[in-house]
Amino acid sequence: MPGEGMRKMAELLRSGARMLSYNCPECGSPLFQLKSGEIWCASCQKRVVIVAEDEDESAATRELLWESLERTLVEKLSSVNGLLSAEAEPAKMRDLAEVISLLLSSLDRLRRIRKS
Ligand SMILES: [Zn+2]
């Protein structure tokens, strides 16, 4: 009932609650912070717990970066592997093997970072 929700919100504001820039994850109504510090949805008539959104977002961004980096490293390994198998000159083979070694240790470090 939208009318009812509006009335409850007005009541909350009158009681000193502060309207937040967050919306209720369940009904989408604006959330209020009560004087007690609790976060309240006037429509659902219940307490809402907000997870630190910024933190969440940066963790998700980081995870995407790790995934993309891992994909890149694997792709590079695969292309250097192709070069190495076609290479006949020992000096060039050594260079390519060095690149492979670097890529492998980067991959290893990346996987350790992601696990921690
Ligand atoms: Zn709600």
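See the structure printed just above.
Residues numbered from 1 in each chain as written. Predicted model: local features only at pLDDT ≥ 70, side-chain atom pairs only at ≥ 80, totals over all residues. Heavy atoms only, no water.

Within the largest apolar cluster, nine residues are counted, these being W66, L73, L77, V80, L96, I100, L103, L107 and L110. Secondary-structure elements contributing two or more residues to this core are helix 2 (53–86) and helix 3 (90–115). Top element by residues in this core is helix 3. It accounts for five residues. If we skip the residues at most four places from it in the chain, I100 touches L77, V80 and L84. (Core = buried A, V, L, I, M, F, W, Y, C linked by side-chain atoms within 4.5 Å. Buried < 20%, exposed > 50% of the residue type's maximum accessible area, 1.4 Å probe, protein only. Helix = DSSP H or I, 4+ residues; strand = E, 2+ residues; numbered from the N terminus. Contact = heavy atoms within 4.5 Å.)

So, on to the sheet that holds strand 3 (residues 39–41). In space, the four strands of this open sheet follow the order 1-2-3-4, with antiparallel pairing throughout. Edge positions in the sheet fall to strand 1 (18–23) and strand 4 (46–47), since each of these pairs with one other strand and no more. In terms of strand pairing, strand 1 meets strand 2 (residues 30–33) through three bridges, oriented antiparallel. Counterpart to M19 in the pairing with strand 2 is F32. (Pairing = 2+ DSSP bridges.)

Bound to the zinc ion on the protein side are C24 (SG), C27 (SG), C41 (SG) and C44 (SG), at distances that span 2.2 to 2.3 Å. Taken together, the four donor atoms coordinating the zinc ion and their angles of 102 to 115° define a geometry best described as tetrahedral. Positions of the donor residues of the zinc ion along the chain correspond to the pattern C-x2-C-x13-C-x2-C. (Donors = N, O, S within 2.8 Å, 3.2 Å for Na, K, Ca; no water. Tetrahedral: all angles 85-135°; square planar, octahedral: opposite > 155°, others 65-115°.)

Turning next to the environment of P25. One can find P25 in the loop between strand 1 and strand 2. The class for P25 is exposed, based on a relative accessible area of 67%. For P25 and L107, which are 82 residues apart along the polypeptide, the C-alpha to C-alpha distance reads 38 Å.

Turning our attention to the side chain of E70. With respect to the element layout, E70 can be found in helix 2. Of the polar contacts made by the side chain of E70, one reaches the side chain of R111; its length is 2.7 Å. Dropping the residues within four chain positions of it, E70 is found in contact with L107, L110, R111 and R114. (Polar contact = N/O pair within 3.5 Å; in protein donor to acceptor, adjacent residues only side chain to side chain.)

Bridging between strand 2 and strand 3 involves three bridges; their strand directions are antiparallel. Residue pairing for strand 3: F32 is matched across the bridge by W40.

For the rest of this paragraph, the subject is the pattern of salt bridges. It is possible for side chains of opposite charge to pair when their charged atoms get near one another. Here the structure, examined in full by the defined rule, presents ten salt bridges. Two residues, R7 and E11, come together in a salt bridge whose shortest N-O distance is 2.8 Å. Separated by four residues within a single helix, R7 and E11 lie in helix 1 (residues 2–14), roughly one turn from each other. Classification of R7 as partly exposed rests on a relative accessible area of 44%. Here E11 falls in the partly exposed class, since its relative accessible area comes to 36%. Residue R47 pairs with E38 through a salt bridge whose shortest N-O separation is 3.7 Å. Classification of E38 by relative accessible area gives partly exposed; the value is 30%. When salt bridges that share partners are traced, they join E63, E67, E70, R111 and R114 into one network. (Salt bridge = Lys/Arg side-chain N within 4 Å of Asp/Glu carboxyl O.)

Purely geometric numbers; function is a separate question.
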